[in-house]
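Letter by letter, the chains look like this.
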Amino acid sequence: MTRPTQLHRLLLGAIAPLAWLSGCDGASAPAQVPTADATADATADATADATADATADVGFDVAVDVAADVRSDVGVDVPVDRGVDTGPDVPACGAGLASCGGACVDLGSSLAHCGSCDRGCSAPLHGVAACAAGACDFTCEPTYLRSGAACVRIEPPRLVAPLTSALVTSRRPRLRWSLSAGTDGAVVELCADRACATVLGSYEVTGASTNPTVDLPPGVVFWRARGRVGSAAGTIHSPVWSFLVGARSAPVDTSWGTAFDPDGDGRSDLAVGVPSREMSTGRVLIYPSTGAGYAATPSVTLDGRDGVNAVYGHAVASAGDVNGDGYVDLAVGAYRASSGIGRVYLYAGSMSGLGATPVTTLSGRDGADGDFGVAVAGVGDVNGDGYGDVVSGASTASRLTGRAHAYLGSATGLSTTPATSWTGPDGAGGLFGNAVAGAGDVNGDGYADVLVAAASALTATGRVYLYLGSATGLSTAAATVLTGPDGTLSNFGVSVGSAGDVNGDGYADVVVGADRVGSFAGRVYLYLGGASGLSTTASATLTGVTGTDGNLGAAVAGVGDLNRDGYAELAAYSYSASLGGRVRVYAGSAAGLVTTSSTLIAGPDGAMSVFGAPLCGAGDVNGDGIADMVATASQAASRAGRVYLFPGSSSGVMATPSSTITSPEAAGSGFGSVLAGASGR
């Protein structure tokens, strides 16, 4: 080690105050005071070493020690080491801001520092976080609705009226729906097709109903709706429904009837019963519309499920849309199933057509030989809940007194427990329930009404009972009773149904057949609906001629507006031994039914073919916006049977069939003895 020189000592003495200034942790130490020995040594050392050390010590020690120490101690320690260390520098923030994590933030609106530093805001799924006035909150995406601490989808409303496939009486019909929870309105679209590729009109509505602001085109119109909350609308729409628009608007805005359109394409299809097949095991065949007529071969085959003698397919009816999915369903009766207890099977429509397996089975409630299912009908919406309802007759229950049962539709389908049951008021032998039908809305209150016939009541004088629909369902007591005006053995009520709106007043009318009047000449009676209900006096009477046009009224039907003039037509079968049967078509008008037949169609298959029994409205099979008509010759071709489609046109129904379905079944099977197309439209 080199011994310190005098110059070293002098330099150390000069630097010592700097060491005091840089004391660690803020402590101080006194400066060193030179002693007497140090003074003497300094003089001696300075003389001896001055020459050698001066250059080296000054050049090295001063340059290194002083420069290094001063630069280190003075440049770093002096400004920083003052008392306790307080961490990073804190920025100065302006008014209304706070320092969080080295940044100035607004605690009133910052999502990461809401109300205080490091207090972050979050949102639920489909939500957007927010900070307002220092409190965390959230809003929901445009098509979602806030519900507690969650964002839920804005659900579509449930459509209520008019029912799928119904006829509306106004070209600007009242559309009704039930709002989903939390919504205050709907966006309603009216379309020319099920996919809504062509939109006829769109309406943003507050509330649960609206009317189009312009007339809709005649023909089938589709509609759907999305939920709405204020100005925000959901993206999910309701099932698509459809209805038929007529050529004119009636004074009363209501709807009724149904067409068999299980695939929902807007063109009516046909169900054909074959009840006698294979020892009355029975079968039903479904023929879809091709756009020009019916397909030559069935798309769906429904076979009897109860074995021989069940007579499956003796009654077949379009049930309407019983579950609100926008597709029409089918009801099939097997009245002799289980020793005459009877059953009715419901098959569901869908985008791919009618299902081949029943979704609901109704069993007779009146014991053996009650014949539940001998007659069945889709009657419309009797309680205004937006679901189609079904009525079945059990005409031989209680020693032929007869009963009828009404079953309500719902979101889960048709109930298996009747909401209303009636027992024939005329006692044993009345056969109450031998025929049942939807009457349409005879009083314009918006609820579907029901007809139940008892053709054998009062020694076959016959009666027809009308039961009114309401918000609470069907009445248990008949609102109107029609009694055959021709006395005993006239068989009044052998056939019964809605005639549609024959005079264009907006109320549904009713037609009743009595095929045994006047030595089997037969008669047909038309009764008009009105604000006070169904008239008990016939507005029109049609009379057959024994031998040439006998049994008039054995089959009658409201067949819709066959010439698109805004008034419904009526068709009736009459028997002719030489011609095998004829169908007479009677036109509606503002003055009521024209009692002179506008069209007479003779059976194409000759004698004994029983052409025209049954017959029914076909709906619009070819998509031209005009109703068509279908009739059978169940005994044609050695009793194999045939079905004929007669199209409507601007000049009326054509007398030549546009489509013929030849039975695929063996002779004697009864092909075409039962039909389901359109009813009451």
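Notes on the structure in this doc start here.

Conventions and cut-offs
Residues numbered from 1 in each chain as written. Predicted model: local features only at pLDDT ≥ 70, side-chain atom pairs only at ≥ 80, totals over all residues. Heavy atoms only, no water. Phe/Tyr/Trp six-rings, centres within 6.5 Å; stacked < 30°, edge-to-face > 60°. Helix = DSSP H or I, 4+ residues; strand = E, 2+ residues; numbered from the N terminus. Buried < 20%, exposed > 50% of the residue type's maximum accessible area, 1.4 Å probe, protein only. Lys NZ or Arg CZ within 6 Å of the ring centre and 35° of its normal. Core = buried A, V, L, I, M, F, W, Y, C linked by side-chain atoms within 4.5 Å. Contact = heavy atoms within 4.5 Å.

**What to know about the packing of aromatic side chains**
By the definition in use, this model includes ten aromatic pairs. Here the aromatic rings of Phe432 and Tyr465 are separated by 5.7 Å at their centres, their planes lie at 70°, and the arrangement is edge-to-face. Taken as a pair, Phe432 in the loop between β28 (420–423) and β29 (435–440) and Tyr465 in strand β31 (residues 463–467) lie far apart in primary sequence, 33 residues in all. Here the two residues Phe432 and Tyr465 agree in accessibility, since each one is buried. Ring centres of Phe611 and Phe646 lie 6.1 Å apart, and the angle between their planes is 75°; this geometry places the pair in the edge-to-face category. With Phe611 in strand β41 (residues 611–619) and Phe646 in strand β43 (residues 642–646), this pair connects stretches of sequence that are 35 residues apart. Above the plane of the ring of Phe138 lies Arg146, whose end atom (NZ or CZ) is 3.9 Å from the centre. The ring of Tyr327 has Arg194 lying over it, and the distance from NZ or CZ to the ring centre is 4.5 Å.

**A closer look at the nonpolar core**
Core analysis: the biggest nonpolar cluster contains 22 residues, and Val464, Phe492, Val496 and Val512 have the highest contact counts within it. For this core, the secondary structure elements donating two or more residues are β29, β30 (449–454), β31, β33 (492–500), β34 (509–514) and β35 (523–527). Sequence-distant contacts of Val496, defined by excluding residues within four places in its chain, comprise Ala435, Ala437, Leu451, Ala453, Val464, Val511 and Val512. Formed by 21 residues, the second largest nonpolar core is a distinct cluster that contains Val379, Ala404, Tyr467 and Leu474.

**Describing the environment of Ala555**
With respect to the helices and strands, the residue Ala555 is situated in the loop between β36 (540–543) and β37 (556–560). Look at Ala555 and you get buried, because its relative accessible area is 10%. For Ala555 and Gly612, which are 57 residues apart along the polypeptide, the C-alpha to C-alpha distance reads 7.6 Å. Filtering out sequence-adjacent residues up to four positions away, Ala555 remains in contact with Ser495, Ala571, Ala572, Tyr573, Gly612, Ala613 and Pro614.

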